[in-house]
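One letter stands for each residue in the lines below.
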Amino acid sequence: MALSSPRRSALSDQVIAQLRNQITSGEWPVGSRIPTEPELVEQLGVARNTVREAVRALAHNGLLDIRQGSGTYVLATSELAGVMHRRFADADPRHIAELRSTMESSAARLAAERRTERDLGQLDALLARREEAWASGVAEAFVAADATFHLAVVAASHNEVLTGLYADLGDLLRDWLREDIGQELRPEHHMDHARMVEAIRAGDGDAAASEAAGYPFMCLRRPAAAGG
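Residues numbered from 1 in each chain as written. Predicted model: local features only at pLDDT ≥ 70, side-chain atom pairs only at ≥ 80, totals over all residues. Heavy atoms only, no water.

Enquirer: Just checking my understanding: could you explain unusual backbone geometry for this structure?
Expert: Despite not being glycine, His158 has its phi angle at roughly 55°, a positive value. Among the secondary structure elements, His158 is positioned in the loop between helix H7 (139-155) and helix H8 (160-168). Residue classification places His158 among the partly exposed positions, given a relative accessible area of 44%. (Helix = DSSP H or I, 4+ residues; strand = E, 2+ residues; numbered from the N terminus. Buried < 20%, exposed > 50% of the residue type's maximum accessible area, 1.4 Å probe, protein only.)

Written out as structure tokens, the structure is:
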């Protein structure tokens, strides 16, 4: 992670870029606490003020959350994701559900038309991982697995703009699902997504879109429901 011969005139920008890369690469996942200021100073080989300036810049852009007495945590994976998170964190849950329904049903329809064998293999693997996470009973593991599965469905649309926008909304959607399911995964609230995958596999856009469109509202209608 150490910087190689940083130019003094661009030092702050280089540190910002390095920290941003740690976030966007997934090395520092959303929700994780980043190394402390002294640790970053040692790792990067720069002055404390330079590290502090870089962290503050990324916090201003919405990627980091500085919590006094606790540390600094990753809030979002991109500047746009950070803006989305701040802008819509208190949005009406029904409006979030409507957005999910609109985006995911359109993506599922396109995926049924454009999916490749590689896409189908990925969906099968992620669907299995989602079921394993559900069976584990660990709510946070399920949130992560469910979000990854839905992003893979959107990616199978092969629409880069739709996929990028959905990814930038990912932190907001995970928060919504996390709040929705609470701390307990209840068996009566399990939702099987296999029908959507089979519709995509069969090239049935109408069925895939219909399945995808309904999931968010099934969550919304049930207190402490699980499985977006």
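Enquirer: What should I look at first to understand the pattern of salt bridges in this one?
Expert: It is possible for side chains bearing opposite charge to pair when their charged atoms get close. Summed over all chains, the structure comprises 12 salt bridges. The closest approach of N and O atoms between Arg52 and Glu37, which form a salt bridge, is 2.7 Å. Of this pair, Arg52 sits in helix H3 (residues 48-60) while Glu37 sits in helix H2 (residues 37-44), and the two are 15 residues apart along the sequence. The partly exposed category is assigned to Arg52, whose relative accessible area is 29%. The exposure class of Glu37 is partly exposed, given its relative accessible area of 22%. A salt bridge links Asp146 to Arg130, with the shortest nitrogen-to-oxygen separation between them at 2.7 Å. One end of the pair, Asp146, is in helix H7; the other, Arg130, is in helix H6 (residues 117-136), and 16 residues separate them in sequence. The residues Asp146 and Arg130 share a single accessibility class, namely buried. (Salt bridge = Lys/Arg side-chain N within 4 Å of Asp/Glu carboxyl O.)

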